[in-house]
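Remarks on the overall topology
The lines below spell out each chain.
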Amino acid sequence: MWDAFVSHAGEDKDEFVEPLAKELENYGLNVWYDDFELSVGDSIPDEIQRGLHNSDYGVVILSEAFFEKSWTQEELDSLIQRDVTEMDKVILPVCYDITPQDVLSHHKLLGKRYLISGDSMSVSEIAQELYQEILENRTKPLTDDGLEEFDPETLDYLAEIIGDIKQGTEIKKFFERLNFEIDWDDAKEGSIHEWIATFPVEAKEKGIDLESARKSTILENLKELNNEDPSNIISIVEKLAHPRHYIENDKDRAQVVENLNIILKWEDLRIVDQGEVKKLT
């Protein structure tokens, strides 16, 4: 369910861990980080175990505070168990305000590994190295000859995402950038809204509302584009996920990328750096 579980001590959260977790999500990774995942009423031990067992990697932020906590040791033990029994490497250790020699004195197994140093690298540089290890090596460039038509259910969810992000004339302009005409704009939305307001009973009986009408029109056009050439759908996804559409709004982009990646997983695809779509290996 997640690309990486972030194990850390609370003392390191504000200065280092949270900025790193956000940077990893900006790269398009799906990260289990307590502040991202836990909600009021959740069983913390249960949710942590779910994250530990359903993440491909464990990004372990090693510090003096980390080695002082019993629960961080329990998380580390769980990840080590996976690291020993699974074929692939699981633990990705990062030093924060601690030297590799100090790590060796606390934990002989981790001390003998290659450790990313938080003292000699910026958060952005660390995120880039982790990203390359976690995802880039498990994807390959997408080629048109290996691209099949998208499943109708994938298109249905994609239409819903587009309809949530863009409305009215924004939708028309978005498709025009793909050299594709779509019969949808502010006037169209206004006429539907007016019809629903004037004849609410009839609209309710026919199951018509503005959001579903918008989504239906988008979906019809996505199906047509998909039939013409599935690479059209790739172009749409990459435009939706590219950072330039979310200037100074990384949180919104991270949510859009996460939602897109959920549906793209059905197609063995993944959004990576700068919104590029690649094939999962």
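Structure: see above.
Here goes a summary of the coordinates provided.

What counts, and where the lines are drawn
Residues numbered from 1 in each chain as written. Predicted model: local features only at pLDDT ≥ 70, side-chain atom pairs only at ≥ 80, totals over all residues. Heavy atoms only, no water. Helix = DSSP H or I, 4+ residues; strand = E, 2+ residues; numbered from the N terminus. Buried < 20%, exposed > 50% of the residue type's maximum accessible area, 1.4 Å probe, protein only. 1 Å grid on protein atoms, 1.4 Å probe; cavity = no way out; pocket = protein on both sides within 12 Å on 5 of 7 lines; lining within 4 Å. Points joined across faces, edges and corners; volume = space filled by probe spheres on them. Nonpolar A, V, L, I, M, F, W, Y, C, P; charged D, E, K, R; others polar. Axes fitted to C-alpha atoms, helices over the stretch in contact; angles between N-to-C directions. Left-handed = near helix turned anticlockwise from the far one by under 90°. Contact = heavy atoms within 4.5 Å.

1. Considering unusual backbone geometry
Leave glycine aside and you will find that most residues have negative phi; peptide bonds, for their part, are mostly trans. In this model, Asn179 sits at a positive phi of 60°, which is unusual for a non-glycine residue. With respect to the secondary-structure elements, Asn179 resides in the loop between α10 (169–176) and α11 (186–198). Note on Asn179: relative accessible area 76%, which makes it exposed.

2. Regarding the layout of surface pockets
The calculated volume of the largest pocket comes to roughly 440 Å³. Residue assignment for the lining of the largest pocket shows that the elements contributing at least two residues are β1 (2–7), β3 (55–62), α15 (250–264) and β7 (269–271). In terms of residues, the lining of the largest pocket owes the most to one element, α15, which gives five residues. Considered class by class, the residues forming the lining of the largest pocket number nine nonpolar, six polar and eight charged.

3. Here we look at the packing of helix α9 (residues 152–165) against helix α14 (residues 231–241)
Where α9 contacts α14, the axes come no closer than 12 Å and their chain directions differ by 35°. When you trace α9 past α14, the crossing you get is left-handed. Contacts between α9 and α14 involve Leu155, Leu158, Ile162 and Ile165 from the former and Ile233, Ile236, Val237 and Leu240 from the latter. Across the contact of α9 with α14, the residue classes break down as eight nonpolar, no polar and no charged.

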